[in-house]
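Residue strings, one per chain:
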Amino acid sequence: MKYLLPLLVLLPLLGCLDDDDQLDPLRDVQFTLNYRATYGGDPLGIQRETYGYPTGDSLKVLLFQYYVSDLELLPADGDDAVRLAEIDLIRWMSAAEDATQQRTYLVPPGDYRGLRFGLGVKPSLNARDPSEFAANYVLNEAEFWGPSTRYVFAKIEANAMLEDDGRFDTGLSYHMGSDALYRTVSLEQPFTVGGNETPTLTLTADVLRALSGNGQTFDITSPDKQTVHGGNQEVATGIWNRLAGQFTLSVE
Amino acid sequence: MCRWWTILPLLCLACVEESAAPADFAAILYPAGNPSTAAGVELGERLFFDPILSADSTVSCASCHRPERAFADGTAVSLGLGGLAGTRNTPGLTNVGYFHHPLFWDGRADNLEAQAGHPVGTPHEMGGTWPEAVARLAASDTYGALFARAFGSPDIDSSRVGHALAQYQRTLVSRNSKYDRVRRGEATYTALEALGHALFFDFGDDPEGAYAGLPTAECAHCHTPPHFTNQRYENNGLDEAMDLQTFPDPGRGAVTGIPYDNGKFRNPGLRNVALTAPYMHDGRFATLEEVVDHYNSGGRYAENRSANVHPLHLDARQKAALVAFLHTLTDTSFVVSFSTKSDRLIEGAGARVQ
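For clarity, every value in this text was computed on a predicted model and none was experimentally measured. Chains are numbered independently. Their residues run from 1 in the order of the written sequence. Going through the entries in the order they are written, you letter the chains from A and number the ligands from 1. Per-residue local features are limited, in this predicted model, to residues with pLDDT of at least 70; the limit for side-chain atom pairs, both in listing and counting, is 80 or more; totals at the level of whole chains, interfaces and linings are taken over all residues. The side-chain figures draw on all heavy atoms in the structure; neither hydrogens nor water molecules are used.

**Student:** Explain the overall build of chain B here, please?
**Tutor:** For chain B, the helix and strand inventory stands at 14 helices and two strands. Computation of the radius of gyration draws on C-alpha atoms, with the globule rule given as 2.2 Å multiplied by the number of residues to the power 0.38. On C-alpha atoms alone, chain B measures out to a radius of gyration of 22 Å, which is about the 20 Å that the 2.2 N^0.38 rule sets for 354 residues. To sort residues, take the accessible area from a 1.4 Å probe on protein chains only and compare it with the maximum for the residue type: under 20% means buried, over 50% means exposed, and anything in between is partly exposed. Sorting the 354 residues of chain B into buried and exposed places 53% on the buried side. We call two residues contacting when some pair of their heavy atoms lies within 4.5 Å. Within chain B, counting contacts between residues at least 6 apart in sequence, those at least 24 apart form 64% of the total. Surface accessibility follows the Shrake-Rupley procedure with a 1.4 Å probe radius. Residue values consider only the protein chains on display as shielding. Carbon and sulfur atoms form 57% of the exposed surface of chain B, whose accessible area is close to 15200 Å². If you average the places of the 28 positive and of the 40 negative side-chain charges in chain B, the two averages end up 3 Å apart. The helix count covers DSSP runs of H or I at least four residues long, the strand count covers runs of E at least two residues long, and both are numbered beginning at the N terminus. When charges are counted, neither His nor the chain ends are considered; positive counts come from Lys and Arg and negative counts from Asp and Glu. Think of each charge as sitting on NZ of Lys, CZ of Arg, CG of Asp or CD of Glu.

**Student:** Would you explain the overall build of chain A in this entry?
**Tutor:** If you tally the helices and strands in chain A, you get four helices and 15 strands. For chain A, the residues scored as buried account for 54% of the 252 residues in total. By sequence separation, contacts in chain A at least 24 residues apart represent 72% of the contacts at least 6 residues apart. In the form shown here, chain A has an accessible surface area of approximately 11300 Å², with 49% of it arising from carbon and sulfur atoms.

**Student:** Help me understand the environment of B:Ser333, please; the structure alone is not making it clear to me.
**Tutor:** Residue and element names in this part refer to chain B. Tracing the chain through its elements places Ser-333 in helix H14 (residues 332-349). Measuring from C-alpha to C-alpha, the distance between Ser-333 and Arg-175 comes to 9.3 Å, with 158 residues separating the pair along the chain. In protein, a polar contact requires one atom able to donate a hydrogen and another able to accept it; more generally it is a pair of N or O atoms within 3.5 Å, and residues adjacent in sequence count only if both atoms are side-chain atoms. Only 2.7 Å separates the side chain of Ser-333 from the side chain of Asp-331, close enough to count as a polar contact.

**Student:** I'm lost on the UniProt feature "binding site: heme c 2" (unreviewed entry) in chain B in this one. Help?
**Tutor:** Residue and element names in this part refer to chain B. When the UniProt feature table is mapped onto this chain numbering, "binding site: heme c 2" (unreviewed entry) sits at Cys-219, Cys-222 and His-223. With respect to the helices and strands, Cys-222 occurs in the loop between helix H10 (191-200) and strand E1 (233-234). The class of Cys-222 is buried, set by a relative accessible area of 12%. Leaving out residues up to four positions away in the same chain, Cys-222 has contacts with Phe-228, Thr-229, Asn-230, Glu-234 and Asn-267. UniProt positions are given in the numbering used here, feature names are shortened, and annotations may be inferred rather than shown by experiment.

**Student:** For this particular structure, what's the right way to read the pattern of salt bridges?
**Tutor:** Pairing between side chains of opposite charge can happen when the charged atoms of each approach one another. Within this document, salt bridges are pairs made up of a side-chain nitrogen of Lys or Arg and a carboxyl oxygen of Asp or Glu, the two lying within 4 Å of each other. Enumeration according to the criterion identifies 32 salt bridges over all chains in this entry. Beyond isolated ion pairs, a larger network of salt bridges with shared partners links A:Asp70, A:Glu72, A:Arg83, A:Glu86, A:Arg116 and A:Lys122.

**Student:** Just checking my understanding: could you explain the packing of aromatic side chains for this structure?
**Tutor:** In this description, an aromatic ring pair is defined by two values, namely the gap between the centres and the angle between the planes. Think of it this way: a Phe, Tyr or Trp ring, Trp meaning its six-membered ring, pairs with another when their centres are within 6.5 Å, and the plane angle makes it stacked under 30 degrees, edge-to-face over 60, tilted otherwise. Scanning all chains against the criterion turns up 31 aromatic pairs over all chains. Relative to A:Phe247, the ring of A:Tyr66 lies with its centre 5.3 Å away and its plane at 75°, an arrangement referred to as edge-to-face. Of the two residues, A:Tyr66 sits in strand E4 (residues 58-75) while A:Phe247 sits in the loop between helix H4 (234-245) and strand E15 (248-251), which places them 181 residues apart along the sequence. Overall, A:Tyr66 belongs to the buried group, its relative accessible area being 0%. Centroid distance B:Phe48 to B:Phe49: 5.3 Å. Interplanar angle 65°. Geometry classified as edge-to-face. Residue classification places B:Phe48 among the buried positions, given a relative accessible area of 2%.

**Student:** I'm lost on the packing of H10(B) against helix H13 (residues 316-327) of chain B in this one. Help?
**Tutor:** Packed helices, taken two at a time, are described by the angle between their axes plus the distance between the axes. Residue and element names in this part refer to chain B. At a minimum axis distance of 7 Å, the contact between H10 and H13 shows a crossing angle of 90°. It follows that H10 is roughly perpendicular to H13 by the angle criterion. Listed contacts from H13 to Leu-192, Glu-193, Leu-195, Gly-196, His-197, Leu-199 and Phe-200 of H10 are Arg-317, Gln-318, Ala-320, Ala-321, Leu-322, Ala-324, Phe-325 and Leu-326. All amino acids are sorted into three groups, where Ala, Val, Leu, Ile, Met, Phe, Trp, Tyr, Cys and Pro are nonpolar, Asp, Glu, Lys and Arg are charged, and the leftover types, Gly among them, are polar. Of the residues assigned to the contact of H10 with H13, the class counts are ten nonpolar, three polar and two charged. Whenever a helix is involved, its axis is fitted only over the stretch in contact; in every case the axis is a line through C-alpha atoms, and angles between N-to-C directions fall within 0 to 180 degrees. Each angle gets one of four labels, with under 35 degrees taken as roughly parallel, over 145 as roughly antiparallel, 65 to 115 as roughly perpendicular, and the rest as oblique.

**Student:** I'm lost on a negative patch on the surface in this one. Help?
**Tutor:** Residue and element names in this part refer to chain A. Residues qualify for a patch when their relative accessible area is over 30% and they have no salt bridge, like charges being joined within 9 Å and the nonpolar side chains of Val, Leu, Ile, Met, Phe, Trp and Tyr within 5 Å. On the surface, a cluster of negative charge is contributed by Asp-77, Asp-79, Asp-80 and Asp-111. Along the chain, Asp-80 falls in the loop between E4 and strand E5 (82-92). By relative accessible area, which is 69% here, Asp-80 ends up exposed.

**Student:** Got a minute to help me understand the environment of B:Val323 in this structure?
**Tutor:** All names here are of chain B. Position of Val-323 relative to the elements: it lies in helix H13. Separated by 35 residues in the primary sequence, Val-323 and Leu-288 place their C-alpha atoms 6.2 Å from one another. Look past the residues within four positions of Val-323 in its chain and what remains in contact with it is Leu-288, Glu-289 and Val-292.

Set out below in C-alpha cells:
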C-alpha cells in the first residue's frame with residue numbers, strides 16, 4: 001500500500017504525456033506476415049504427411065514451434081526499427097492446421113529493408129515467471145520448464161519409422177532453449193508498406209533444414225539422440241543453430 | 001490531451017486489499033459476461049449440491065463430483081440417473097476455474113458456463129431436460145429469491161443456472177498441497193518424494209545437476225505446473241491402434257472430425273490425483289502404481305502416440321518415488337473445507353448424495 005500514494009500522484013501526469021508517438025491508427029497500414037512451416041520445401045502437414053530423412057528413414061512430424069521476441073521491421077533509411085511484437089509463439093501441433101499461419105500488424109507506411117527478430121524468449125522475459133502474466137498470455141502456454149531451465153524456446157517432435165515395418169514407433173523429441181542459445185535473426189528483403197499495394201511477407205522455417213543441413217545430419221537412429229530436453233542442451237545446439245540459420249523471407 | 005479519467009480504475013484498484021501471498025499462478029480469467037459475485041457463488045454452490053436438476057431429483061452434480069474425493073466419484077465410469085453407467089470417468093474439479101481452454105476429456109465444451117448445460121440433458125447423467133429442470137427450480141420456494149440476488153431478477157433459465165454453477169466452480173481453488181508448500185519454502189520433500197519430483201521434471205537431463213544420469217520420466221511435458229496440465233490433447237499410449245480408426249473411444253477425434261486426433265484426450269490436471277482413482281478417461285487403472293507401470297512400459301503403439309511417451313526404464317524405487325511425488329499434489333485443506341461445507345448443503349437440500 002505504501003508505494004501507492006506516490007504512484008497515484010504521478011499517474012495523472014503520466015496520463016498527460018503524449019501516448020501515441022509510435023502508433024497512429026489513421027496513418028498506419030495493415031501489414032500481414034505469414035509464418036510458414038515446411039519440410040524439405042514442402043508445406044508442413046502435422047501427422048498427415050510422411051517425410052523422408054537423410055538416414056534413409058521416414059518420419060511424421062507431430063509438433064513444431066518456436067518463440068519469437070522483438071519482431072521488428074527495419075526502415076530503409078536507417079531509422080529506428082518498428083516493433084511489431086514483443087513476444088509471440090508460432091506453433092503447429094494439429095493435423096487441422098495450415099502450414100501457413102497469418103499475423104497482422106499496423107505499421108507506418110514507408111520503405112523497409114527487411115525484418116529482424118530474436119529466436120527464443122529474450123533474456124529480460126526469460127527471467128520472468130509465467131505467474132506474472134495473464135493466464136492466456138503467450139508466456140503462459142505451458143512452455144515454462146522450471147525455475148532454472150526457464151522457457152522452452154523451440155520444439156520439434158516426430159515419430160520415426162526406423163525399420164521398414166509401417167510403424168512410426170520411435171519418438172523424437174527435441175526441446176531447446178536457454179539464454180545462451182538466444183539468437184537474433186536478421187533478414188534483408190526490401191519492400192514498401194503503403195502506396196498501391198502492401199506486399200505480404202512470408203517467413204519460412206524448414207523442419208528438415210533444422211535437423212539436417214550444412215553437411216551435418218542429426219542421427220535420429222542413435223537412441224541417445226532421440227530425446228533431447230532440459231539441461232541436456234549440448235546435443236541440441238546443432239539443431240538450434242541450424243534452426244536459427246535457415247529462416248527465409250519472401251515478399252509477394 | 002490530458003485524459004485524467006484514465007486513472008479512475010487505478011484509484012479503485014488502490015482501494016482493494018493487497019493479497020497476502022505472492023501469486024503462485026496466473027489469476028483465473030473471469031469472463032466479462034459472468035463476473036463472480038458472492039450471491040452468484042452461493043447460488044451456484046446450492047445448485048451444485050441439489051438433485052433438483054435431475055429428472056427424478058435423485059442426482060446432483062455432487063453425486064458424481066464428490067468434494068471428499070476432490071470432486072471425482074471413485075468409479076471407473078460415472079453412474080447417473082437410475083444407476084445408468086456412462087462412458088467416461090468423472091474428472092476431479094480441482095482448480096477447474098483456471099482452465100481457459102475447452103473442458104471435458106475431449107474438449108467439447110468451451111468453458112464452464114457451456115459445460116454446465118451438458119449433464120442435465122444427458123440420459124446417463126441427470127437424465128432430464130432443461131425446461132423441466134427450470135420449471136422445478138421456478139416451483140421451489142427458495143430459488144426465485146436466490147436468482148434475484150445473484151442476477152438482479154428472479155427469472156430462471158438454463159443460462160443463469162450455468163453461470164451460477166460456473167461461478168461456484170471457479171471457487172474450487174487448491175494451492176496448499178505439499179508441492180505448493182515445498183515451493184513456498186514451508187515444507188520439505190522426503191527423499192522418495194524428492195526423487196519422484198526429479199523424475200517427473202527430468203532433472204536427470206542436467207549433466208551438472210545432483211540427479212545427472214537419472215532416467216527422465218517426461219511427465220511435465222504434458223502435466224505442466226502449476227495445474228499439472230498444458231490443456232492440450234495427446235495420445236499417451238493406452239490403446240494399440242495400427243489404424244487410427246480402431247480406437248474404442250476416438251476422444252478428441254470425435255470432436256474435431258480429424259482421424260489424426262483419434263485416441264487423443266485432454267491431458268488431465270493432476271492436483272489431488274491421489275484422491276481421484278480410478279484413472280484415465282475410462283477409469284481403466286485402479287491405482288497410481290498401475291498408471292506409473294503404464295508409462296514405464298512406454299504404452300501401446302499408435303502412430304499418434306506422443307513422442308514423449310516411451311519406455312522409461314525405471315526401477316522399483318523410482319516407480320515408488322513417482323507415486324510418492326503424485327501424492328504431494330494432495331491438498332487436504334481443500335478437500336476438508338469443501339466437504340464440510342457440502343454436508344451442510346446436502347442437509348439443506350433435503351436429499352442425500354448418491
